[in-house]
Amino acid sequence: MTKPKETLEVWMRGPIAGLAPLLQPVAHAILQAREEVNLMMIDFPNELIWEKPSGVASVAFHLQHLSGVLDRLFTYANNQILNEDQLELLALESDSTQYLTVKGLLTRFNNQVNKALTQLKNIDEKTLLEPRGIGRKQIPTNLLGLLFHAAEHTQRHTGQLFVTVRILQNS
């Protein structure tokens, strides 16, 4: 017996319409992360978002970083440099004096995922090996490298967020 389509992981549900075949894994990873993040944050209390159990990064940090990393890496993928707003948001990711809510952080993350998917749909596969630069030093990479890193970094922080949430919910 097969599982209903909606209980399968995103990559098992088939291709995403309007997206080039070589970009499907990037979209699948980012969409999987979005589903998992939204599910794990149901009923998570705002009062705990800055807690750092055993000194690990806080829930607020991970949620901001998930949004920020997608924004920054997709900016570099567009062959652009970060603007002042992006640099300010980067600096604030660990600032526990900010008043943030789970709902607000999830809205920002979900919007950033939507923006990334729109950008992916506008990428021509023939451009994937075009050079790109990262940061002020313009560390060399290519478009595919940036997109792959966006996907894997999003997955990495989703896993770290999961552990932090579980620890805080069970304390």
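Residues numbered from 1 in each chain as written. Predicted model: local features only at pLDDT ≥ 70, side-chain atom pairs only at ≥ 80, totals over all residues. Heavy atoms only, no water.

### Description of the overall build of the chain
Here is step 1 of the chain: Check the secondary structure of the chain and you find 5 helices and 2 strands.
Here is step 2 of the chain: The order of α-helices and β-strands along the chain, N terminus first, is α-α-α-α-β-β-α.
Here is step 3 of the chain: In terms of principal-axis extent, the alpha carbons of the chain reach across some 50 × 50 × 25 Å.
Here is step 4 of the chain: When the accessible surface of the chain is split by element, carbon and sulfur atoms take 58% of a total near 9800 Å². (Helix = DSSP H or I, 4+ residues; strand = E, 2+ residues; numbered from the N terminus. Areas by Shrake-Rupley, 256 points an atom, 1.4 Å probe, with all protein chains shown as cover.)

### Thoughts on unusual backbone geometry
Here is step 1 of the chain: At Ser-54, a residue that is not glycine, the phi angle is positive and equals roughly 55°.
Here is step 2 of the chain: Mapped onto the elements, Ser-54 comes out in the loop between helix H1 (24-40) and helix H2 (59-77).
Here is step 3 of the chain: Accessibility expressed as a relative area gives 81% for Ser-54, which makes it exposed. (Buried < 20%, exposed > 50% of the residue type's maximum accessible area, 1.4 Å probe, protein only.)

### Digging into the pairing of strand S2 (residues 139-142)
Looking along a regular strand, one sees the side chains alternate between the two faces of the sheet.
Here is step 1 of the chain: Looking at chain direction, strand S1 (residues 131-134) and S2 are connected through 4 bridges and run antiparallel. Among the inter-strand pairings, Arg-132 is bridged to a residue of S2, identified as Thr-141. (Pairing = 2+ DSSP bridges.)

### With respect to the side chain of Gln-24
Here is step 1 of the chain: Along the chain, Gln-24 falls in helix H1.
Here is step 2 of the chain: Overall, the relative accessible area of 9% leaves Gln-24 in the buried class.
Here is step 3 of the chain: If we skip the residues at most four places from it in the chain, Gln-24 touches Pro-15, Ile-16 and Leu-19. (Contact = heavy atoms within 4.5 Å.)

### Overview of the environment of Arg-34
Here is step 1 of the chain: Relative to the elements of secondary structure, Arg-34 occurs in helix H1.
Here is step 2 of the chain: Note: C-alpha distance between Arg-34 and Gly-68 (34 residues apart in sequence) is 14 Å.
Here is step 3 of the chain: Apart from residues lying up to four places away in sequence, Arg-34 is in contact with Phe-109, Asn-110, Val-113, Asn-114 and Leu-117.
Here is step 4 of the chain: Engagement of the side chain of Arg-34 in a polar contact is seen with the side chain of Asn-114, the distance being 2.6 Å. (Polar contact = N/O pair within 3.5 Å; in protein donor to acceptor, adjacent residues only side chain to side chain.)

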